[in-house]
Amino acid sequence: MKLYFSFFVMLFFTLSVFSQIDNKKTSITIPAVESKKDSADLSPLVPSKPIENNKSINPLNAPKISTNLNLPKKEFSMFPQENFGNPGELFVKQINKNIEDVKLSPEEVERRNGSTTNQFLGDFKSGAKFVNVVYRDHGFTDGDVIQVLVNDDIIQPRVYLTGGFKGFKLDLQKGFNKIDFLALNQGSSGPNTAEFRVVDDTGNLVSHNQWNLATGVKATIIIVKE
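Summarised in this report is the structure supplied together with it.

Rules used in this analysis
Residues numbered from 1 in each chain as written. Predicted model: local features only at pLDDT ≥ 70, side-chain atom pairs only at ≥ 80, totals over all residues. Heavy atoms only, no water. Helix = DSSP H or I, 4+ residues; strand = E, 2+ residues; numbered from the N terminus. Buried < 20%, exposed > 50% of the residue type's maximum accessible area, 1.4 Å probe, protein only. Contact = heavy atoms within 4.5 Å. Areas by Shrake-Rupley, 256 points an atom, 1.4 Å probe, with all protein chains shown as cover. Salt bridge = Lys/Arg side-chain N within 4 Å of Asp/Glu carboxyl O. Polar contact = N/O pair within 3.5 Å; in protein donor to acceptor, adjacent residues only side chain to side chain. Pairing = 2+ DSSP bridges. Axes fitted to C-alpha atoms, helices over the stretch in contact; angles between N-to-C directions. Core = buried A, V, L, I, M, F, W, Y, C linked by side-chain atoms within 4.5 Å.

### Comments concerning the overall build of the protein chain
Okay, step 1: When helices and strands are counted, the protein chain shows three helices and nine strands.
Okay, step 2: In the protein chain, the succession of helices and strands from N to C terminus is α-α-α-β-β-β-β-β-β-β-β-β.
Okay, step 3: Residues counted as buried form 23% of the 226 residues belonging to the protein chain.
Okay, step 4: Partitioning the intrachain contacts of the protein chain with sequence separation of at least 6 by distance along the chain shows that 73% fall at a separation of at least 24.
Okay, step 5: Here the protein chain displays about 18,200 Å² of accessible surface, and carbon together with sulfur accounts for 58% of that area.

Here you go:
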């Protein structure tokens, strides 16, 4: 019996001790601290003053501005500065200069540029009643155009030369029968080049030749009927 009593006494004593320890625990209070006023500078912004001329600045760092600009008085040109009434004259002059530089023979110059003088290609006798006169472009077909005249009368006003022969029949008059071939242009590659044939009524070849003509130049043959 004493044992039970002693146990309860010890239990009561233990509980009282723990309750005292718990009563000693207290919460820690952190005092509030008043915040300081915002220290940011709220003064209005003032634009900075322009930097005045400072003689201490190194003059090498300051670019120099020149007001006197030397502009070219004439435009650049690949050609000599000459005044031409027609722009085509410049091209013609350059071609002539090239011909002089290579020192071409007169025959070579005529072959390249075409004859600038009327060409007489011979006179021929025939007893035929008529002849066939045919012609074609003997070079590159580049649009050569001719006019054909007989005794100064226009027989073919405008003939476009092609690679094939074309022509007309001519009844021969007693005496002279003059046939003119007038170059109306020089085509796209120049000069006006053609081959012609004159064949009598029996199929005999009376004349066969070629011409290289500049624009406005004539090639002439004469057939004399006996």
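### Thoughts on the pattern of salt bridges
Okay, step 1: Summed over all chains, the structure comprises four salt bridges.
Okay, step 2: When the shortest N-O distance is used, the salt bridge between Arg136 and Glu195 registers 2.9 Å. Of the two residues, Arg136 sits in strand β2 (residues 130-136) while Glu195 sits in strand β7 (residues 192-200), which places them 59 residues apart along the sequence.
Okay, step 3: Its relative accessible area of 26% is what places Arg136 among the partly exposed residues.
Okay, step 4: Linking Lys178 and Asp152 is a salt bridge whose minimum nitrogen-to-oxygen distance equals 3.0 Å. Here Asp152 lies in the loop between β3 (145-150) and β4 (153-160) and Lys178 lies in strand β6 (residues 175-183), a separation of 26 residues in the sequence.

### Points about the side chain of Gln147
Okay, step 1: Counting through the fold element by element, Gln147 comes out in strand β3.
Okay, step 2: For Gln147, the side chain forms a polar contact with the main-chain oxygen of Pro157, separated by 3.1 Å.
Okay, step 3: Not counting residues up to four positions away in its chain, the partners in contact with Gln147 are Ile154, Gln156, Pro157, Asp180, Phe181, Leu182 and Leu184.

### Structural notes on the sheet that holds β2
Okay, step 1: One open sheet holds the four strands; their spatial order is β5-β2-β7-β8, and the pairing between them is antiparallel. Two strands bound the open sheet, and with one partner strand each, they are β5 (166-171) and β8 (205-213). Neighbour-to-neighbour, the strand axes of this sheet turn through a mean angle of 15°, independent of strand direction.

### What about the side chain of Ser115?
Okay, step 1: Secondary-structure assignment places Ser115 in the loop between α3 (106-113) and β1 (119-126).
Okay, step 2: Polar side-chain contacts of Ser115 include one of 2.5 Å to the side chain of Gln119.

### With respect to the pairing of β6
Okay, step 1: Among the nine residues in β6, seven count as buried, and that is most of the element.
Okay, step 2: As paired strands, β6 and strand β9 (residues 218-225) are joined by eight bridges and run antiparallel to one another. Across the sheet, the residue bridging to Phe181 is Ala219, located in β9.

### Remarks on the sheet that holds β4
Okay, step 1: Spatially, five strands are ordered β1-β9-β6-β3-β4 in an open sheet, and the strand pairing comes out mixed. A single partner strand is all that each edge strand has here, and the edge strands are β1 and β4. Across this sheet, the average inter-strand angle for adjacent strands is 15°, counted without regard to direction.
Okay, step 2: Two elements, β3 and β4, share five bridges in a ladder whose sense is antiparallel. When the sheet's bridge partners are listed, Leu149 is paired in β4 with Ile154.

### So, the pairing of β8
Okay, step 1: Alignment of β7 against β8, held across eight bridges, turns out to be antiparallel. In the strand pairing of β8, Val199 is matched with Leu205.
Okay, step 2: Counting the residues in the hairpin turn of β7 and β8 gives four residues, including Gly203, whose phi is positive at 90°.

### Some remarks on the nonpolar core
Okay, step 1: Ranked by size, the top nonpolar core spans 26 residues in total, and within it Tyr135, Ile179 and Phe181 carry the most contacts.
Okay, step 2: The set of elements that each furnish at least two residues to this core consists of β2, β3, β5, β6, β7, β8 and β9.

### With respect to the environment of Val134
Okay, step 1: Here Val134 is to be found in strand β2.
Okay, step 2: Sequence spacing of Val134 and Phe168 is 34 residues, and the spatial spacing of their C-alpha atoms is 6.6 Å.
Okay, step 3: Non-local contacts of Val134, meaning those with residues more than four positions away in its chain, are made with Phe165, Lys166, Gly167, Glu195, Phe196 and Arg197.

So, to be careful, I would describe these as geometric facts and stop short of saying anything about function.
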